[in-house]
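# Report on the structure
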Amino acid sequence: FMGTLVLLYQEVGAACFPGMVLLLLIIVSQGALSRYVARIRDKVVVVTDKRIRLMSEIIQGMQLIKMFTWEAPFREVIELVRRKEIQLLKRRQMVFGVNHIMYDVGVSIVAWFTFAVYLWMGKDLTASKIFVTLAFLHSMKGR
């Protein structure tokens, strides 16, 4: 990381520092989102276990449920647990998707920001500078 940062500094000068700060913010937020996804996954496991245990009990007691016509109350309980499970799964997938988007788009945002600062500093942006800078930024992404 540091070696690439030095090379990036040689290419675009001080314009690389705001981009690196943005990159670090993206990395930190991705870590936080990953921890949040893990917490949601733990909750999903608990709810799924509850639903499976409930279904197992219902299957074992099917004769009694049919004999006393308790199908509707049991169906409501199962549907409630399943709705909770689906809600948690949707939330997990949304956060996971945002995390992936940040990973995929992060380098482009950092590059755009770096180039904007470089131009703001009054320097000329050439195709070779863009190519080399993008190569350095993408090499940082892979780590």
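Our structure is the block above this text.
A brief report on the enclosed structure follows. Within any chain, residue numbers begin from 1 and follow the written order of that chain's sequence. Selection of residues for local features in this predicted model requires a pLDDT of at least 70, selection of side-chain atom pairs for listing and counting requires 80 or more, and totals for whole chains, interfaces and linings are taken over all residues. Only hydrogens and water are removed before side-chain values are computed, so all heavy atoms of the structure are retained for them.

The next thing to look at is the overall build of the protein chain. Within the protein chain one finds five helices and zero strands. Helix and strand assignments come from DSSP, with helices taken as H or I runs of at least 4 residues and strands as E runs of at least 2, each series counted from the N terminus. Listing every helix and strand of the protein chain by position from the N terminus yields α-α-α-α-α. Dimensions of the protein chain along its principal axes, counting C-alpha atoms only, are 85 × 25 × 20 Å. The classification of residues rests on relative accessible area computed with a 1.4 Å probe and restricted to protein chains. Under 20% of the type maximum is buried, over 50% is exposed, and intermediate values are partly exposed. With 143 residues in all, the protein chain has 28% of them scored as buried. By sequence separation, contacts in the protein chain at least 24 residues apart represent 75% of the contacts at least 6 residues apart. Values of accessible area rely on a 1.4 Å probe in the Shrake-Rupley scheme; residue burial ignores everything except the protein chains shown. Roughly 9600 Å² of accessible area belongs to the protein chain as shown, and the carbon and sulfur atoms make up 68% of that amount. In this tally, Asp and Glu contribute negative charge and Lys and Arg positive charge; neither His nor the terminal groups of the chain are included. All charge positions are set by atom: Lys at NZ, Arg at CZ, Asp at CG, Glu at CD. If you average the places of the 19 positive and of the 10 negative side-chain charges in the protein chain, the two averages end up 4 Å apart. Any pair of residues with heavy atoms lying within 4.5 Å of one another is described as a contacting pair.

What follows is about the side chain of Lys129. Residue position: Lys129 is located in helix 5 (residues 127-141). Those residues in contact with Lys129 that sit more than four places away from it in its chain are Glu11 and Tyr118.

Each axis is a line fitted through C-alpha atoms, and for a helix only the stretch in contact is used; angles between axes span 0 to 180 degrees, taken between their N-to-C directions. Interhelical geometry of helix 4 (residues 71-120) versus helix 5 gives an angle of 140° and a closest axis separation of 10 Å. In terms of orientation, helix 4 and helix 5 fall into the oblique class. In this structure, helix 4 crosses over helix 5, and the sense of that crossing is right-handed. Along the contact surface, helix 4 presents Tyr103, Asp104, Val107, Val110, Ala111, Phe115 and Tyr118, while helix 5 presents Lys129, Ile130, Thr133, Leu134, Leu137, His138 and Lys141. Under the scheme applied here, ten amino acids are nonpolar (Ala, Val, Leu, Ile, Met, Phe, Trp, Tyr, Cys and Pro), four are charged (Asp, Glu, Lys and Arg), and all others, including Gly, are polar. Of the residues in the contact of helix 4 with helix 5, the class split is nine nonpolar, two polar and three charged. Under this scheme an angle from 65 to 115 degrees is roughly perpendicular, one under 35 degrees roughly parallel, and one over 145 degrees roughly antiparallel; angles in between are oblique. If you view the pair so one helix is near and one far, a crossing is left-handed when the near helix is turned anticlockwise from the far one by less than a right angle, and right-handed when it is turned clockwise.

Patches here are clusters of residues that have more than 30% relative accessible area and form no salt bridge, with a 9 Å joining cutoff for like charges and a 5 Å cutoff for nonpolar side chains (Val, Leu, Ile, Met, Phe, Trp, Tyr). By salt bridge we mean one thing: a side-chain nitrogen of Lys or Arg within 4 Å of a carboxyl oxygen of Asp or Glu. There is a patch of like positive charges on the surface, built from Arg35, Arg39, Lys43 and Lys84. For the positive patch, the element with the highest residue contribution is helix 2 (residues 16-60), accounting for three residues.

This part is about the packing of helix 2 against helix 4. The geometry of helix 2 relative to helix 4 is characterised by a closest axis approach of 9 Å and an angle of 165° between their N-to-C directions. Taken together, helix 2 and helix 4 sit at an angle that is classed as roughly antiparallel. Considering only the axes of helix 2 and helix 4, their crossing is left-handed. The residue makeup of the contact of helix 2 with helix 4, split by class, is 30 nonpolar, eight polar and nine charged.

Turning next to unusual backbone geometry. We note that Thr69 has phi near 50°; this positive angle belongs to a residue other than glycine. Within the secondary structure, Thr69 sits in the loop between helix 3 (62-67) and helix 4.

Of all hydrophobic cores here, the largest spans 17 residues; its most connected members are Leu8, Val12, Met20, Val110, Leu137 and Met140. Of all the secondary-structure elements, those providing two or more residues to this core are helix 1 (2-12), helix 2, helix 4 and helix 5. It is helix 4 that provides the largest number of residues to this core, a total of six residues. Aside from chain neighbours lying at most four places away, what touches Val12 is Thr114, Tyr118 and Thr133. Ranked by size, the runner-up nonpolar core spans nine residues in total, among them Ile40, Leu54, Ile58 and Val81. Only buried residues count toward a nonpolar core. Its members are Ala, Val, Leu, Ile, Met, Phe, Trp, Tyr and Cys residues joined through side-chain atoms within 4.5 Å.

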